[in-house]
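Here is what each chain is made of, one letter per residue.
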Amino acid sequence: MNHLSFRAVTTSFRAVTERGFPLLKVCSLREYLYEVFNNSQDIPSVTDNWVARDAEVVWHGFTQMATYASNSPIIVERAEGRELIDVDGRRYLDAISSLWVTTLGHRVPELDAALRAQIDLVAHSTLLGNGNRTTIEFAEALAKVVPVKQPHFLFASDGAAAVEQALKIAFQFWTNQGITSRQSYLAFGGAYHGDTLGSLSVGAGGFGTEIFDPLRFGVLRAPGFEDPNCIPVACALIAEHANELAAVIIEPLVQGAAGMQMRPAAEFAALGQACAEHDVLLICDEVATGFGRTGTMFASEQCGLHPDLMALGKGITGGYLPLAATVANQRVYQAFLGEDLGERTFYHGHSYSGNPLAAAVALAHLELFTSLDVLTNVNERAAQLEQLLDQHIAGLPVVRSIRQQGLMVGVELAPPEGTVRWGRKITAESVSRGVLIRPLGDVMVLMPILTSTAEEITRIVLTLAESIAAVAQTEQQHLESSRVESSQVESSQDQPADE
Ligand SMILES: Cc1ncc(COP(=O)(O)O)c(C=O)c1O
């Protein structure tokens, strides 16, 4: 079929769809045409049009919009299993779990069904002063698995909001007891806790957020996880500043956004002990590490930590809906009990707190997590991933180091001098090969969906290896040609003027 006949088909098809056929039919046609052509060059891209429409009205987070359209974004239309499908029908294996949120896959029948069933009950009712049956059922189920003693859950919609709530609860915990000196926090270098002002303050900065420094409140800062002494230093700071500290906040086991910086699990117990000894609250931010990502349901379990407060988000609904939670232990919760409308009340709450649609999916997700024995798959795939990374990636000359915990991986590059933006370039190569990744600077992040198969893990690693090799080759050619050019310029400058 040539372009003309292709156009004829799509034009008449469009005419049909404009008369009311569902959009799904259009996608099916495109996919069919892909099969027929077996050559994407022959098919006019509809992505370009969507990218232009997108840039016209949508402002993308952490994205320079002036260059957004020229960075070849993919425009997702739907998904199947662990693949995203774009408006042109191209498929991408989701190797970043849609920014670390997707646990079981996309369009999981049981999660879809839970969402549909809840719609027939109620989409939303407020938790401010009232309750919702589904949210209660979810909280009861979550209470059985979190490593927090006699937990209560304050729901929010994003990880940053869960952290923000934890910081405010820790602050008020002390003032509710008449202690006004404990108004500060200890946080770690490299930490990332979200983008609201409180979470940004306990975060270490970076990612271009320095512009907000004047708005950030000061905190006591221990070194980042790349420093082997970070935990002992944090413990010493806790001992020294206990009377000023409301809480310590940490990402247990893995600092994700820092480029997957990790500390061995055994080191963290000392931090828990220091907090207990000096009566400083411990906040574990498990927004990224929670829900199986590191090989246990929560990273705190491996670290032997029982935090006073915990922030959960991302995987809590399996990646379906925006839901987050601040978990408080019994001691913290009880410090807020008092007279009706009294000042011990926590005057904080969000419109969509505990949204029942999200809660229904989150409840079904917890049930499936156990029945599918997801953790076994995580640990098997993690072992396979480690072996493959060792075999295909570790020895590449541009790879500095590989850090892995469960299905959280950072491949740190060591780009040769004179070359830039390797993370971006390798990502583009990988996406063009149908594997969706997103780097953190020059750290290639792999966050496969927790139900990934052995074949998918192999594909991710081999695609990364190919993509690194492709960029290495192109960059090498650029370096050589610029060397030749500059030596030609030099030798022409060396020529006597009269020659
Ligand atoms: C450890 C940690 N905390 C908090 C957040 C913020 O979560 P959200 O993007 O849902 O606000 C993130 C996001 O990556 C995170 O990794």
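Every value quoted in this text rests on a predicted model; they were computed, and no experiment measured them. (Residues numbered from 1 in each chain as written. Predicted model: local features only at pLDDT ≥ 70, side-chain atom pairs only at ≥ 80, totals over all residues. Heavy atoms only, no water.)

Caption draft 1: Fine view of helix H15 (residues 374-392). Look at H15: 26 Å from first C-alpha to last across 19 residues, which is about the 27 Å you get at 1.5 Å a residue. Here H15 has its buried residues at Val374, Asn377, Val378, Arg381, Ala382, Gln384, Leu385, Leu388 and Leu389. (Helix = DSSP H or I, 4+ residues; strand = E, 2+ residues; numbered from the N terminus. Expected span 1.5 Å × (residues − 1). Buried < 20%, exposed > 50% of the residue type's maximum accessible area, 1.4 Å probe, protein only.)

Caption draft 2: Local environment of the layout of surface pockets. Here the second largest pocket is characterised by a volume of approximately 880 Å³. Looking at the second largest pocket, it is lined by 30 residues, and the ones nearest its centre are Leu127, Phe153, Leu154, Tyr333 and Phe346. Counting only elements with at least two residues in the lining of the second largest pocket, the list comes to helix H7 (133-143), strand S4 (152-156), helix H8 (159-175), strand S12 (324-328) and helix H13 (330-334). Looking at the lining of the second largest pocket, its residues break down into 16 nonpolar, 13 polar and one charged. (1 Å grid on protein atoms, 1.4 Å probe; cavity = no way out; pocket = protein on both sides within 12 Å on 5 of 7 lines; lining within 4 Å. Points joined across faces, edges and corners; volume = space filled by probe spheres on them. Nonpolar A, V, L, I, M, F, W, Y, C, P; charged D, E, K, R; others polar.)

Caption draft 3: Structural view of the environment of Ala362. Within the secondary structure, Ala362 is located in helix H14 (residues 356-371). Of the residues examined, Ala362 reaches a relative accessible area of 0% and is grouped as buried. Distance from Ala362 to Leu321, taken between C-alpha atoms, is 8.7 Å for residues 41 residues apart in sequence. Beyond its immediate chain neighbours, meaning those up to four positions away, Ala362 contacts Phe138, Ile316, Thr317 and Leu323. (Contact = heavy atoms within 4.5 Å.)

Caption draft 4: The arrangement of the nonpolar core in detail. One finds Phe138, Leu186 and Phe188 to be the most contacted residues of the largest nonpolar core, which totals 100 residues. Of the residues forming this core, the biggest block, nine residues, is contributed by H14. Those residues in contact with Phe138 that sit more than four places away from it in its chain are Phe155, Ile316, Leu323, Ala359, Ala362, Leu363 and Leu366. Formed by 27 residues, the second largest nonpolar core is a distinct cluster that contains Ala156, Val163, Ala246 and Ala311. (Core = buried A, V, L, I, M, F, W, Y, C linked by side-chain atoms within 4.5 Å.)

Caption draft 5: Molecular detail of the sheet that holds strand S13 (residues 399-405). What the three strands build is an open sheet, ordered S13-S14-S16; its pairing is antiparallel. Because the sheet does not close on itself, it has two edges, and the strands there are S13 and strand S16 (443-446). Adjacent strand axes in the sheet meet at a mean angle of 15°, parallel and antiparallel pairs treated alike. In the sheet, strand S14 (residues 408-413) pairs with S16 via four bridges, with the strands oriented antiparallel. (Pairing = 2+ DSSP bridges. Axes fitted to C-alpha atoms, helices over the stretch in contact; angles between N-to-C directions.)

Caption draft 6: View of the site of the ligand. Around the ligand sit Trp100, Asp158, Gly159, Ala160, Tyr192, His193, Gly194, Glu251, Asp285, Val287, Ala288 and Lys314, and those are all the residues in its vicinity. Within the contact set of the ligand, an oxygen atom lies 2.9 Å away from a backbone nitrogen or oxygen of Ala160. Separating an oxygen atom of the ligand from a side-chain N or O atom of Lys314 is a distance of 3.2 Å. Summarising the interface, the protein chains cover 83% of the accessible area of the ligand, which totals 390 Å² for the free molecule. Taken together, the residues of the shell around the ligand break down into five nonpolar, three polar and four charged. (Near = heavy atom within 4 Å. Polar contact = N/O pair within 3.5 Å; in protein donor to acceptor, adjacent residues only side chain to side chain. Areas by Shrake-Rupley, 256 points an atom, 1.4 Å probe, with all protein chains shown as cover.)

Caption draft 7: Region of interest: the packing of aromatic side chains. Taken as a whole, this structure holds 10 aromatic pairs when the rule is applied. Both rings, one in Phe173 and one in Trp174, keep their centres 4.8 Å apart while their planes meet at 85°; by these two values the pair is edge-to-face. Under the relative-accessibility criterion, Trp174 is labelled buried at 2%. Residues Tyr185 and Phe217 carry aromatic rings whose centres are separated by 5.8 Å and whose planes lie at 35° to one another, so their mutual orientation is tilted. Remark: Phe217 occurs in the loop between helix H9 (197-202) and strand S6 (220-222) and Tyr185 occurs in strand S5 (residues 184-188); sequence separation between them is 32 residues. (Phe/Tyr/Trp six-rings, centres within 6.5 Å; stacked < 30°, edge-to-face > 60°.)

Caption draft 8: Expanded view of the environment of Ala360. Examined against the element boundaries, Ala360 turns out to sit in helix H14. Residue Ala360 is classed as buried on the basis of its relative accessible area of 8%. Taking the C-alpha atoms as reference, Ala360 lies 6.0 Å from Thr134; in sequence the two are 226 residues apart. Contact partners of Ala360, with chain neighbours within four places excluded, come to Ala114, Gln118 and Thr134.

Caption draft 9: Structural detail: the sheet that holds strand S15 (residues 435-436). As summarised here, the arrangement of the four strands in space is S1-S2-S3-S15, forming an open sheet in which the pairing is mixed. The open sheet has two free edges, formed respectively by strand S1 (76-80) and S15, since each of these has just one partner strand. Across four bridges, the pairing between S1 and strand S2 (residues 83-86) is antiparallel. Across the sheet, the residue bridging to Glu80 is Glu83, located in S2.

Caption draft 10: The arrangement of the side chain of Glu456 in detail. With respect to the helices and strands, the residue Glu456 is situated in helix H17 (residues 454-494). On the basis of relative accessible area, Glu456 is assigned to the buried category, the value being 17%. Apart from residues lying up to four places away in sequence, Glu456 is in contact with Arg82 and Leu93.

Caption draft 11: Up close: the pattern of salt bridges. This model, assessed by the stated rule, comprises 16 salt bridges. A salt bridge links Glu83 to Arg91; the nearest nitrogen and oxygen atoms lie 2.8 Å apart. Overall, the relative accessible area of 32% leaves Arg91 in the partly exposed class. Here Arg331 and Asp279 are joined by a salt bridge, their closest N and O atoms 3.0 Å apart. Of this pair, Arg331 sits in helix H13 while Asp279 sits in the loop between helix H11 (269-277) and strand S10 (281-285), and the two are 52 residues apart along the sequence. (Salt bridge = Lys/Arg side-chain N within 4 Å of Asp/Glu carboxyl O.)

Caption draft 12: Representation of the confidence of the model for the protein in the model. The pLDDT averaged across the protein works out to 91; a share of 90% of its residues lies at or above 70. Long-range and interchain partners of residues 1-28, a stretch whose pLDDT sits below 50, account for 23 contacts in this model, where long-range means more than four residues apart. (pLDDT = per-residue confidence, 0-100.)

Caption draft 13: Structural context of unusual backbone geometry. Its identity as a non-glycine residue notwithstanding, Ser98 has a phi of 45°, on the positive side. Positioned with a positive phi, Gln150 is a non-glycine residue whose angle comes to about 40°. Turning to its location among the elements, Gln150 is positioned in the loop between H7 and S4.

Caption draft 14: Layout of the packing of helix H6 (residues 109-119) against H14. Following both chains from N to C, one finds H6 and H14 inclined at 145°, their axes separated by 8 Å at the closest point. For the pair H6 and H14, the crossing hand works out as right-handed. Residues Glu110, Leu111, Ala114, Leu115, Gln118 and Ile119 of H6 touch H14, and the partners they reach there are Pro356, Leu357, Ala360, Val361, Ala364, His365 and Leu368. Broken down by class, the residue content of the contact of H6 with H14 amounts to 10 nonpolar, two polar and one charged. (Left-handed = near helix turned anticlockwise from the far one by under 90°.)

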